[in-house]
Amino acid sequence: MPSNRGVVYLGPGKVEVQSIDYPKLANPKGKPIEHGVILKVVSTNICGSDQHMVRGRTTAPKGLVLGHEITGEIVEKGKDVEFLDVGDLVTVPFNVACGRCRTCREQQTGVCLNVNEGRAGGAYGYVDMGGWVGGQAEYVMVPYADFNLIRFPDKAQAMEKILDLTMLSDILPTGFHGAVSAGVGVGSTVYVAGAGPVGLAAAASAHVLGAAVVMVGDMNKERLAHAKSVGFEPIDLTKSDKLEELIAAVVGVPEVDASVDAVGFEARGHGAQHSTEAPATVLNSLMAVTRAAGAIGIPGLYVTEDPGSKDEAARHGNLRMRFGLGWAKSHRFYTGQTPVLRYNRQLMQAILHGRLPIAKVVNATVISLDEAPRGYHEFDTGVARKFVIDPNGMLKKKAA
Ligand SMILES: NC(=O)c1ccc[n+]([C@@H]2O[C@H](COP(=O)([O-])OP(=O)(O)OC[C@H]3O[C@@H](n4cnc5c(N)ncnc54)[C@H](O)[C@@H]3O)[C@@H](O)[C@H]2O)c1
Ligand SMILES: [Zn+2]
Ligand SMILES: [Zn+2]
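Residues numbered from 1 in each chain as written. Chains lettered and ligands numbered in written order. Predicted model: local features only at pLDDT ≥ 70, side-chain atom pairs only at ≥ 80, totals over all residues. Heavy atoms only, no water.

Participant: What is the right way to read the coordination of the zinc ion (ligand 3) from this model?
Facilitator: Tetrahedral coordination by four donors places them ideally at 109.5 degrees to one another around the metal; octahedral coordination by six donors ideally gives 90 or 180 degrees. Those protein atoms acting as donors to the zinc ion (ligand 3) are C98 (SG), C101 (SG), C104 (SG) and C112 (SG), and they sit at 2.3 to 2.4 Å. Along the chain, the residues donating to the zinc ion (ligand 3) fall in the pattern C-x2-C-x2-C-x7-C. (Donors = N, O, S within 2.8 Å, 3.2 Å for Na, K, Ca; no water.)

Participant: What is the right way to look at the site of ligand 1 in this model?
Facilitator: Around ligand 1 sit 31 residues, and of these S49, D218, R223, V263 and R268 come closest. Within the backbone of V198, a nitrogen or oxygen atom sits 3.0 Å from an oxygen atom of ligand 1. When isolated, ligand 1 has an accessible area of 860 Å², and the protein chains bury 94% of it. When residues of the shell around ligand 1 are traced back to their parent elements, those giving at least two are α1 (48-54), α7 (197-208), β11 (213-218) and α10 (281-289). With three residues, α1 is the largest single contributor of residues to the shell around ligand 1. The residue inventory of the shell around ligand 1, partitioned by class, reads 14 nonpolar, 13 polar and four charged. When residues are assigned to domains, the shell around ligand 1 turns out to be shared by domain 1 (5-170 + 342-399) and domain 2 (172-334), each giving three or more. (Near = heavy atom within 4 Å. Polar contact = N/O pair within 3.5 Å; in protein donor to acceptor, adjacent residues only side chain to side chain. Areas by Shrake-Rupley, 256 points an atom, 1.4 Å probe, with all protein chains shown as cover. Helix = DSSP H or I, 4+ residues; strand = E, 2+ residues; numbered from the N terminus. Nonpolar A, V, L, I, M, F, W, Y, C, P; charged D, E, K, R; others polar. Domains from an automatic or database assignment.)

Participant: What is the right way to read empty space enclosed by the protein from this model?
Facilitator: Under the defined criterion, the tally for this structure stands at one cavity of 30 Å³ or more. The calculated volume of the largest cavity comes to roughly 40 Å³. Taken together, A195, G196, P197, L200, R223, H226, V362, V383, A384 and R385 make up the lining of the largest cavity. Mapped onto the lining of the largest cavity, the elements with two or more residues apiece are α7 and α8 (221-229). (1 Å grid on protein atoms, 1.4 Å probe; cavity = no way out; pocket = protein on both sides within 12 Å on 5 of 7 lines; lining within 4 Å. Points joined across faces, edges and corners; volume = space filled by probe spheres on them.)

Participant: Sorry, what's going on with unusual backbone geometry here?
Facilitator: When glycine is set aside, most residues are seen to have a negative phi, and most peptide bonds are trans. With phi around 65 degrees, Q107 is a residue other than glycine that occupies positive phi space. Within the element layout of this structure, Q107 appears in the loop between α2 (102-105) and β7 (122-123). Phi at S330 takes a positive value of approximately 55 degrees, unusual for a residue other than glycine. Turning to its location among the elements, S330 is positioned in the loop between α11 (323-328) and β15 (332-334).

Participant: Looking at this structure, how should I read the coordination of the zinc ion (ligand 2)?
Facilitator: The zinc ion (ligand 2) binds to the protein through C47 (SG), H68 (NE2), E69 (OE) and D170 (OD); the donor distances cover 1.9 to 2.3 Å. Taken together, the four donor atoms surrounding the zinc ion (ligand 2) define angles of 91 to 127 degrees at the centre, an arrangement classified as tetrahedral. All donors of the zinc ion (ligand 2) belong to a single chain; written as a sequence motif, their spacing is C-x20-H-E-x100-D. By the burial criterion, H68 is buried, and E69 matches it. (Tetrahedral: all angles 85-135°; square planar, octahedral: opposite > 155°, others 65-115°. Buried < 20%, exposed > 50% of the residue type's maximum accessible area, 1.4 Å probe, protein only.)

Participant: Sorry, what's going on with helix α9 (residues 243-251) here?
Facilitator: Note: α-helices contain 3.6 residues per turn, so residues at a spacing of three or four share the same orientation. If you check which residues of α9 are buried, you get L243, L246 and I247. Projected down its long axis, α9 carries its buried residues within an arc of 95 degrees, all on one side. Across α9 from its buried face, at more than 90 degrees, point the exposed residues E245 and A249. Its buried side turned inward, α9 meets β10 (189-193), β11, β12 (233-236), β13 (256-261) and α10. With its phi angle positive at about 85 degrees, G252 sits one or two positions after the end of α9. (Arc of directions from axis to C-beta. Contact = heavy atoms within 4.5 Å.)

Participant: Explanation requested: the side chain of N116 in the structure shown.
Facilitator: Summarising the element assignment, N116 is placed in the loop between α2 and β7. What makes N116 buried here is its relative accessible area of 11%. Polar contacts involving the side chain of N116 include one to the main-chain carbonyl oxygen of G121, which spans 2.8 Å. For N116, the side chain forms a polar contact with the main-chain oxygen of D128, separated by 2.8 Å. Once residues within four sequence positions are removed from consideration, N116 is found in contact with G121, D128, M129 and G130.

Participant: Sorry if this is basic, but what is going on with the pattern of salt bridges here?
Facilitator: Close approach of charged atoms allows side chains of opposite charge to pair. Tallying each qualifying case throughout the model produces 21 salt bridges. Close ionic contact of E69 with K386 constitutes a salt bridge, the shortest N to O distance being 3.0 Å. Placement of the pair is E69 in the loop between α1 and β4 (70-77) and K386 in strand β17 (residues 386-390), with a sequence separation of 317 residues. Like K386, E69 is buried. (Salt bridge = Lys/Arg side-chain N within 4 Å of Asp/Glu carboxyl O.)

Participant: Looking at this structure, I do not really get the packing of helix α6 (residues 171-181) against α7. What am I missing?
Facilitator: Between α6 and α7, whose axes approach to 7 Å, the crossing angle comes to 60 degrees. In terms of their interaxial angle, α6 and α7 are classed as oblique. Considering the relative orientation of α6 and α7, their crossing is right-handed. In this structure, α6 uses I171, L172, T174, G175, F176 and A179 to contact α7, whose residues at the interface are P197, V198, A201, A202, S205 and A206. (Axes fitted to C-alpha atoms, helices over the stretch in contact; angles between N-to-C directions. Parallel < 35°, antiparallel > 145°, perpendicular 65-115°, else oblique. Left-handed = near helix turned anticlockwise from the far one by under 90°.)

Participant: I'm lost on the environment of R5 in this one. Help?
Facilitator: Within the secondary structure, R5 is located in strand β1 (residues 5-11). R5 sits in the partly exposed class, given a relative accessible area of 27%. Expressed as a C-alpha distance, the spacing of R5 and E76, which sit 71 residues apart in the sequence, is 18 Å. Among residues more than four places away in sequence, those in contact with R5 are V17, Q18, S19, I20, Q136, A137, E138, L369 and D370. In this structure the side chain of R5 is engaged in a polar contact, spanning 3.1 Å, whose partner is the side chain of D370.

Put into C-alpha cells, the structure is as follows:
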C-alpha cells in the first residue's frame, strides 16, 4: 500500500503537510463500501471556503485534512462501480452525493440527505459536511463514484487543459450557478460582489451567458486590476459607500438586472468602512442595486456559527439584513452550496471547445504539495491568484 500525505488544519492560521492514512473504501464511520474509488490526485485547488476555516471563522476541528476541489486518476475501484475504470481521469464535484435521495433526484446534490448525519449536504475536507477526508493530498477516496464522477473523454486532451478543467470541481460551476440563479441572460447588466476566484468565475460565466456588461466590485486593488485585465469593469468599493453611484458611473443608471454575492459572511463595509467587517454589507447593497423583480445569486458562504465574529449576533449567523427592501422589490434570493453536477458536464464542453479560458481568468498558479502552507498564506493576503496544488508532480511533468 502506498503512503499518503495531505494538508492538515492545525488551528487558526496554521496548516501543515503531514503523513496521513492511505484511503480505504469505507465511509467516515469505517463501514466498508463498494461504490467508491480511490484517486491519485492530479490537481486540487485552495478555495476561499478553506480560508474561512483556516482563519478560525468556523468550528472546524484541528486535524482536519483539507481539500474539496479535486481532479484525479482512478487507481482502485469497489466491486459495485460499473461504469468507470482504473486509469480514468475524472473531475470530482466538491459535493458528496448519494444519487438516490429525494434532493439528489431533484439535482440538488449540494444538500444530499444521506451523506452527513448532522445536516443535509456533504463535502470532502470540510467542517460539518459529513467527515469525508479531504483531497489536498496524494490520494483520496470518492464514494458513489458512478454518480459523482465525470470522466474526461480524452486523457491527453484533458491534460492539455488541466488548469481549466481543475476549476470544474467547484469555482466554475459555483460562479455559473451564481450567474444563472441571478437570472443573467443576453443583454443583462450584471454586478458581481467580490473579485476573488469565485467572483471572477461568476463574471466569466455571465459573459458566456450573454451579459452586456459585467462589473466586479472589491476593495483589493490588485484583484481589481486583474479583473480589468481579463475583461470586466472594476468597481473600487473604497471610493464610496453608495454602490448605486459607482454603478451609475458605468451604466448610467443606479441599478443592474442581476447581481451575485461572491463574498459571503466575512464581507467588509464600503467606502470609509472598507477595512471593517460588516457581514450584511453585500446582501444589503445587492438589494439596493438589483432592479425590481430581479434576482440575487448568493454563492458567497454564510455560516450558522462564526466563533471569530466581533458581533454577538453574527457569532450565531444572525445578520443585520434589510430584508424589507428585497421584499418590497420582489427579489428572488438563491443561496446554498452549488449543485456542481447540474453544470459541470456543460462547462467541461465549453472548456474543451475553447469557450471558457477560466484558468487565465482566475490566474491559476501551480504549486507543489509542500508549498501548500505558503499558498494558503499568500491567498489570504489577497493576491490575484487561484492556487492549484500538484501533489503527485503530474502537472510539473506535463509542463516539462
Ligand atoms: N456556494 C458554494 O458552493 C461555494 C463554493 C465555493 C466558494 N464559495 C464561497 O464564495 C466566496 C468567495 O470565494 P473566493 O474563493 O472567491 O474567496 P476570496 O476570499 O478569495 O474572495 C472574496 C473577495 O471578496 C472581497 N470583499 C470583501 N468584502 C467585500 C464587499 N463588501 N464587496 C465586494 N467584495 C468584497 C475580498 O476583498 C476578496 O477579494 C466565499 O465565501 C466562499 O466560501 C461558495
Ligand atoms: Zn471550493
Ligand atoms: Zn442524495
